[in-house]
Amino acid sequence: MKLFLLLFFLAQPGFAYVPKIKTIFTKTVDKNGGNKALVIKRKVEVRDENLEAQETWYIAHADLMKVVVSGKENGKPWSFEILYKKGQRQTNTIQGNTKSFPLSPEFYEPLLHFRNPHAFMNKLIRMQVLPNWSTRLMVEREPPSQKNLVQLDRFKGSIAYSLGSNSTTNSPHIWLQQDGFNLQKVRLASQVEVEFDDYRDHDERETKELTQPETQTIQWNQSTVTVRTTSLEAVPYDKIKDQLKIASGKPSQLPSHATFKAFYSRFR
């Protein structure tokens, strides 16, 4: 009887072992490509609206990347590009002038590309998932308790680490797979939710340093956008460094559909 009860409690998420946050974040970022740059091609689809766009991402790391977007609207092509660098996003106007703007607070893409656990935590603090004092969990020999920030939860039938304040039901959170440490879901401060599915290992070595989701689903208001990866290539940084700038004088051609305009202004 005692053995049965022990096994029962150990099987429950609340009674299982939870690693230190530093360990969780280190294992998470260790799967984001190491020192390789990435070229990722994706298809963006708006559910029930027969709309799609093509994206090509050039990613050096979480703080330096560019996306080139193209699509058609009523047979007319449109395209533009956005450079993300040093906390800013740069893009060309329809007149061809390069403008800089702050990153959107809903720009979640960097979460997939951090290679440093401290930088990953700082991003979560900026996203209001974690409080400012949580940085102490990464550096102090005797840090404060993390039990109010990290819980075990169930996500789509499997156990996940749920990170974030439990002070309110809908507070910003992220969910990381317990065994693989892959990002499964993020709930932003705006209550927008993004899910990441169909993870694929792109590293044939046993170290498995490159695991990325094949599918992302973003839901807000009455809109649902699905982002599917069609190809991913890990390359030396030198191969993409010329792409990590905005083409001077090239006018942007912007989509006019409201869902695409909202998606690219808020989440890109």
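What counts and what doesn't
Residues numbered from 1 in each chain as written. Predicted model: local features only at pLDDT ≥ 70, side-chain atom pairs only at ≥ 80, totals over all residues. Heavy atoms only, no water. Helix = DSSP H or I, 4+ residues; strand = E, 2+ residues; numbered from the N terminus. Rg over C-alpha atoms; globule rule 2.2 N^0.38 Å. Buried < 20%, exposed > 50% of the residue type's maximum accessible area, 1.4 Å probe, protein only. Contact = heavy atoms within 4.5 Å. Areas by Shrake-Rupley, 256 points an atom, 1.4 Å probe, with all protein chains shown as cover. Salt bridge = Lys/Arg side-chain N within 4 Å of Asp/Glu carboxyl O. Axes fitted to C-alpha atoms, helices over the stretch in contact; angles between N-to-C directions. Parallel < 35°, antiparallel > 145°, perpendicular 65-115°, else oblique. Nonpolar A, V, L, I, M, F, W, Y, C, P; charged D, E, K, R; others polar. Polar contact = N/O pair within 3.5 Å; in protein donor to acceptor, adjacent residues only side chain to side chain. Core = buried A, V, L, I, M, F, W, Y, C linked by side-chain atoms within 4.5 Å.

**Regarding the overall build of the chain**
Looking only at helices and strands, the chain has 5 helices and 13 strands in total. Taking 18 Å as the expected radius of gyration for a compact globule of 268 residues, we find that the chain reaches 20 Å, a close match to that expectation. Taking all 268 residues of the chain together, 47% fall into the buried category. Taking the intrachain contacts of the chain between residues at least 6 apart in sequence as the baseline, contacts between residues at least 24 apart amount to 52%. Accessible surface computed for the chain: about 14,400 Å², of which carbon and sulfur atoms make up 49%.

**As for the pattern of salt bridges**
For the structure shown, the criterion picks out 10 salt bridges. Linking R266 and E106 is a salt bridge whose minimum nitrogen-to-oxygen distance equals 2.7 Å. Highlighted residues: R266 in helix α5 (residues 258-266) and E106 in the loop between β6 (98-102) and α3 (117-126), separated in sequence by 160 residues. The class for E106 is buried, based on a relative accessible area of 10%.

**A short note on the packing of helix α2 (residues 21-29) against α3**
The interhelical angle for the contact between α2 and α3, taken along N-to-C directions, is 105 degrees, at an axis separation of 8 Å. Here α2 lies roughly perpendicular to α3, going by the angle between them. In this structure, α2 contributes I21, F25, T26, T28 and V29 to the contact, and α3 contributes P117, F120, M121 and L124. For the contact of α2 with α3, a count of residues per class yields 7 nonpolar, 2 polar and no charged.

**As for the environment of G71**
Here G71 shows up in strand β3 (residues 64-73). Through-space distance from the C-alpha of G71 to that of A53 is 4.6 Å; in sequence the pair is 18 residues apart. Residue contacts for G71: discarding those within four places in its chain leaves E52, K76, P77 and W78.

**Considerations on the side chain of R42**
Locating R42 in the fold gives a position in strand β1 (residues 37-46). Of note is the side chain of R42, whose polar atom sits 3.0 Å from the side chain of E109.

**Here's the deal with the environment of V192**
Within the secondary structure, V192 is located in the loop between β10 (183-187) and β11 (193-201). Remark: the alpha-carbon pair of V192 and E106, spanning 86 residues in sequence, is separated by 8.4 Å. Setting aside its immediate chain neighbours within four residues, V192 contacts E106, V186, R187, I218, Q219, W220, R266 and F267.

**What about the nonpolar core?**
Ranked by internal contacts, the top residues of the largest apolar core, which has 58 residues, are F25, I174, I218, F263 and Y264. Aside from chain neighbours lying at most four places away, what touches F25 is P117, F120, M121, L124, L130, M138, L163 and L176. One finds A37, L64, L83 and L244 within the second-largest nonpolar core, a separate group that totals 10 residues.

**Considerations on unusual backbone geometry**
Despite not being glycine, N50 shows a phi value in the positive range, around 55 degrees. Within the secondary structure, N50 is located in the loop between β1 and β2 (51-61). For N50, a relative accessible area of 78% gives the class exposed.

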